[in-house]
Amino acid sequence: MSGLGSGIIGRKIIHLPEVDSTNEYAKLIALNEPDGTVVVADRQTAGKGRKGRTWASPEGGLWMSVILKPRGRPEDIPKLVFIGALAVADTLGEFGIEADIKWPNDVWVNGKKICGILAEGRLSQFVVLGIGLNVNNEIPEELKGMATSMKAVLGRRAELDEVLRVLIERLDRWYTVFLEGRYGEIISAVRERSLVLGREVKVIEEGIELVGKAVDIDDDGALILETSGGRVRVLYGDVSLRFV
Ligand code: BT5
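Quick notes on the rules
Residues numbered from 1 in each chain as written. Predicted model: local features only at pLDDT ≥ 70, side-chain atom pairs only at ≥ 80, totals over all residues. Heavy atoms only, no water. Phe/Tyr/Trp six-rings, centres within 6.5 Å; stacked < 30°, edge-to-face > 60°. Helix = DSSP H or I, 4+ residues; strand = E, 2+ residues; numbered from the N terminus. Buried < 20%, exposed > 50% of the residue type's maximum accessible area, 1.4 Å probe, protein only. Core = buried A, V, L, I, M, F, W, Y, C linked by side-chain atoms within 4.5 Å. Domains from an automatic or database assignment. Pairing = 2+ DSSP bridges. Near = heavy atom within 4 Å. Polar contact = N/O pair within 3.5 Å; in protein donor to acceptor, adjacent residues only side chain to side chain. Areas by Shrake-Rupley, 256 points an atom, 1.4 Å probe, with all protein chains shown as cover. Contact = heavy atoms within 4.5 Å. Buried area = accessible area lost by both parts, 1.4 Å probe. Salt bridge = Lys/Arg side-chain N within 4 Å of Asp/Glu carboxyl O. Axes fitted to C-alpha atoms, helices over the stretch in contact; angles between N-to-C directions.

Would you explain the packing of aromatic side chains in this entry?
Between two aromatic rings, the relevant description is the distance of the centres plus the angle of the planes. What the rule picks out here adds up to three aromatic pairs. Note on tryptophan 108 and phenylalanine 243: the rings are 5.8 Å apart at their centroids and 80 degrees apart in plane angle, and the pair reads as edge-to-face. Note that tryptophan 108 is positioned in strand E5 (residues 106–109) and phenylalanine 243 in strand E12 (residues 240–243), a separation of 135 residues in sequence. When its relative accessible area of 15% is taken as the criterion, tryptophan 108 is described as buried.

As structure tokens, this is what we get:
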């Protein structure tokens, strides 16, 4: 990726000490706020994952939502999630942390989840891109086996404001790539950083399990699985993916 961003992301930043969920807050104000508005909170009392799951959001982490108003098609939503993941992976790189993208919506470091992304909304009006990144926050006991933070990886605290600044800058650059319709660049960057390609995975969606080898991410962002019954295209959505 090259070039500077458009300056859209973070033109307006709303900082809240506490909120239930930055995504919920952003959805409430989205119609009246400009493209690229960032809502960031010190802590969330009801941070959300996908499908009603809980996102642990104590003080010290980066909990933010970006209001995006691109003119696009519904099938472009996965690409917005990907630009979030790419921007986070780039940001971690700036802090000396090598990160991978776990399709569809996680960023992982050393085999553990450091960030989750949640996109909500309708492209005809807006999309709220929620990003939760563990920075200096404690990881709850029950998640310690599967989650990590920048502090845990670096062995020291990272300056939260600096992480936010770099992330906004990276998001802005990737959003420009998206707005210019250079989707191929987004998908190939995801492929390059993908943790899943070449591995045996189990995909679970609405109780249905599929096991196979992840062989590609196609141009629409769908995961291509090679199963015993042939190739299957798994669309982006509320899909859980585990390594087997
Ligand atoms: C996600 O959901 O990974 C999307 C998380 C999005 C959070 C951001 S924070 C700002 C914005 N406002 C919100 O309210 N949400 C967004 P999912 O793929 O469903 O993963 C949820 C699962 O991740 C949980 O069931 C836990 O197992 C695990 N988890 C919860 N909190 C975590 C944390 N802080 N770090 C790592 N893993 C966590």
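What is the right way to look at the nonpolar core in this model?
Grouped burial of nonpolar side chains is what soluble globular proteins tend to show. Counting residues in hydrophobic clusters, the biggest one holds 61 residues, and the most contacted among them are Met64, Leu92, Leu133, Met150 and Leu223. Examining the composition of this core, we find that eleven residues originate from one element, helix H2 (residues 77–94), more than from any other. Counting residues domain by domain, this core receives three or more from each of domain 1 (13–193) and domain 2 (200–240). In terms of nonpolar packing, the next biggest core, distinct from the first, is built from eleven residues, Ala41, Ile67, Phe126 and Val128 among them.

Sorry, what's going on with the pairing of strand E2 (residues 38–44) here?
Two faces make up the sheet, and in a regular strand the side chains alternate between them. The element E2 is extensively covered by neighbouring structure, given that five of its seven residues are classed as buried. Note: strand E1 (residues 13–19) against E2, six bridges, orientation parallel. Considered in E2, the bridge of histidine 15 is made with valine 40. In terms of strand pairing, E2 meets strand E3 (residues 62–68) through four bridges, oriented antiparallel. Opposite valine 38, over in E3, you have valine 66 as the bridge partner.

I tried to follow the site of the ligand on my own but got confused; where do I start?
Near the ligand, the surroundings consist of 27 residues, among which Ser21, Lys48, Arg53, Lys113 and Asn134 are the closest. In this structure, a nitrogen atom belonging to the ligand sits 3.1 Å away from a side-chain N or O atom of threonine 22. A distance of 2.9 Å is found between a nitrogen atom of the ligand and a side-chain nitrogen or oxygen belonging to glutamine 44. Considering the ligand on its own, with 790 Å² of exposed area, one finds that the protein chains cover 92% of that surface.

Please explain the domain arrangement of the protein chain as it appears in this structure.
The figure often quoted for interface size is the accessible area lost as the parts come together. Domain boundaries assigned for the protein chain yield domain 1 (13–193) and domain 2 (200–240). Of the residues lining the interface, 14 residues belong to domain 1; the matching set on domain 2 comes to 16 residues. Interface area, domain 1 with domain 2, both sides summed: about 1,300 Å², of which 59% is carbon and sulfur. Inspection of the domain 1/domain 2 interface yields two salt bridges.

Just to check I follow, could you spell out the pattern of salt bridges for this structure?
In a structure, side chains of opposite charge can pair up when their charged atoms sit close to one another. Tallying each qualifying case throughout the model produces 27 salt bridges. Its salt-bridge partner being glutamate 24, residue lysine 27 comes within 3.3 Å of it at the nearest N-O pair. Within this pair, lysine 27 and its partner glutamate 24 are both found in helix H1 (residues 22–29), separated by three residues, close to a single helical turn. Note that aspartate 106 is salt-bridged to lysine 113, the shortest N-O span being 2.9 Å. Among the residues examined, aspartate 106 registers a relative accessible area of 6% and is labelled buried. Judged by its relative accessible area of 17%, lysine 113 falls in the buried class. By sharing partners, the salt bridges in this structure join Glu24, Lys27, Lys48 and Glu120 into a single network.

Can you walk me through the sheet that holds strand E8 (residues 200–205) in this structure?
Hydrogen bonds between backbone groups are what pair the strands of a sheet, and the pairing can be parallel or antiparallel. Taking strand neighbours across the sheet as the criterion, the five strands line up as E11-E10-E9-E8-E12 in an open arrangement whose pairing is antiparallel. Only two strands of the sheet have a single neighbouring strand rather than two, namely strand E11 (230–234) and E12. With strand direction ignored, the average angle separating the axes of adjacent strands in the sheet is 45 degrees. Here strand E9 (residues 208–217) pairs with strand E10 (residues 223–227) via four bridges, running antiparallel. Bridge pairing in E10 places isoleucine 217 opposite leucine 223.

What exactly am I supposed to notice about unusual backbone geometry here?
For residues that are not glycine, phi is negative in most cases, and the peptide bond is trans in most cases. Along the chain, tryptophan 103 connects to proline 104 via a cis peptide bond; the corresponding omega equals 5 degrees. For proline 104, the location among the structural elements is in the loop between strand E4 (100–102) and E5. Residues other than glycine seldom take positive phi values, yet lysine 51 does so here, at roughly 50 degrees. Within the element layout of this structure, lysine 51 appears in the loop between E2 and E3. With phi around 50 degrees, asparagine 110 is a residue other than glycine that occupies positive phi space. With respect to the helices, strands and loops of the structure, asparagine 110 is situated in the loop between E5 and strand E6 (112–122).

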